[in-house]
Each structure stands twice: as structure tokens, then as C-alpha cells.
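# Architecture at a glance
Listed below are the residues making up each chain.
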Amino acid sequence: QLWVRPVAGGSPTLLLDSTQVRGPVWSPGGEMIAVVHEPGGGNESREVWVIPFSEDGAPVEPIERIE
């Protein structure tokens, strides 16, 4: 699972409920987070997911998938 919490405090938000994501990395401005998604569990099926956030820290759809 991947959770995020606003810097100012407040309740955490479940971002992704998957065991197939690795290595979350924040963008320099904190407005996006990128993760590696391995839907097939192997190197041949990796994707990078980029997830934008609103100012209150909630994820904004859609998640951009980069293969």
C-alpha cells in the first residue's frame, strides 16, 4: 500500500492498494509522485505511473502510465 499525508497535517489518504508498486519518488515541487508498477511481476511488464495531487494532498485522476 502507498499512503500520502498532507505536510500541514491531517488524515492520510490511501493512494494505491497494490503490492505491485515500487520506489515512490516525489517531484521537486511535491505536486506529483511517480512509482514503478509491475503488473506481471517481472521486468518485461514494468510501467512508470505518475500521479498528480491537488493542493489539499488528494490524488487527481487520471494516473499517467508511461511504458
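Residues numbered from 1 in each chain as written. Predicted model: local features only at pLDDT ≥ 70, side-chain atom pairs only at ≥ 80, totals over all residues. Heavy atoms only, no water.

Attention shifts here to the overall build of the chain. Along its length, the chain carries 0 helices and 6 strands. Mapped in sequence order, the helices and strands of the chain form the string β-β-β-β-β-β. Scored against the burial criterion, the 67 residues of the chain give a buried share of 28%. Pairs at least 24 apart in sequence give 13% of the contacts found in the chain among residues at least 6 apart. Here the chain displays about 4600 Å² of accessible surface, and carbon together with sulfur accounts for 54% of that area. (Helix = DSSP H or I, 4+ residues; strand = E, 2+ residues; numbered from the N terminus. Buried < 20%, exposed > 50% of the residue type's maximum accessible area, 1.4 Å probe, protein only. Contact = heavy atoms within 4.5 Å. Areas by Shrake-Rupley, 256 points an atom, 1.4 Å probe, with all protein chains shown as cover.)

Moving on, we come to the packing of aromatic side chains. If you walk through the whole model with that rule in mind, you get 0 aromatic pairs. Sitting over the ring of Trp49, Arg65 keeps its end group 4.4 Å from the ring centre. (Phe/Tyr/Trp six-rings, centres within 6.5 Å; stacked < 30°, edge-to-face > 60°. Lys NZ or Arg CZ within 6 Å of the ring centre and 35° of its normal.)

Take Arg22: it is sitting in strand β3 (residues 21–26). What makes Arg22 partly exposed here is its relative accessible area of 43%. In contact with Arg22, not counting residues within four places along its chain, are Val35, Val36 and Glu38.

Mapped onto the elements of the fold, Val60 is located in the loop between β5 (47–52) and β6 (64–66). By relative accessible area, which is 34% here, Val60 ends up partly exposed. Distance in space between the C-alpha atoms of Val60 and Met32 is 9.5 Å, their sequence separation being 28 residues.

Functional significance is not addressed by these values, which are geometric in nature.
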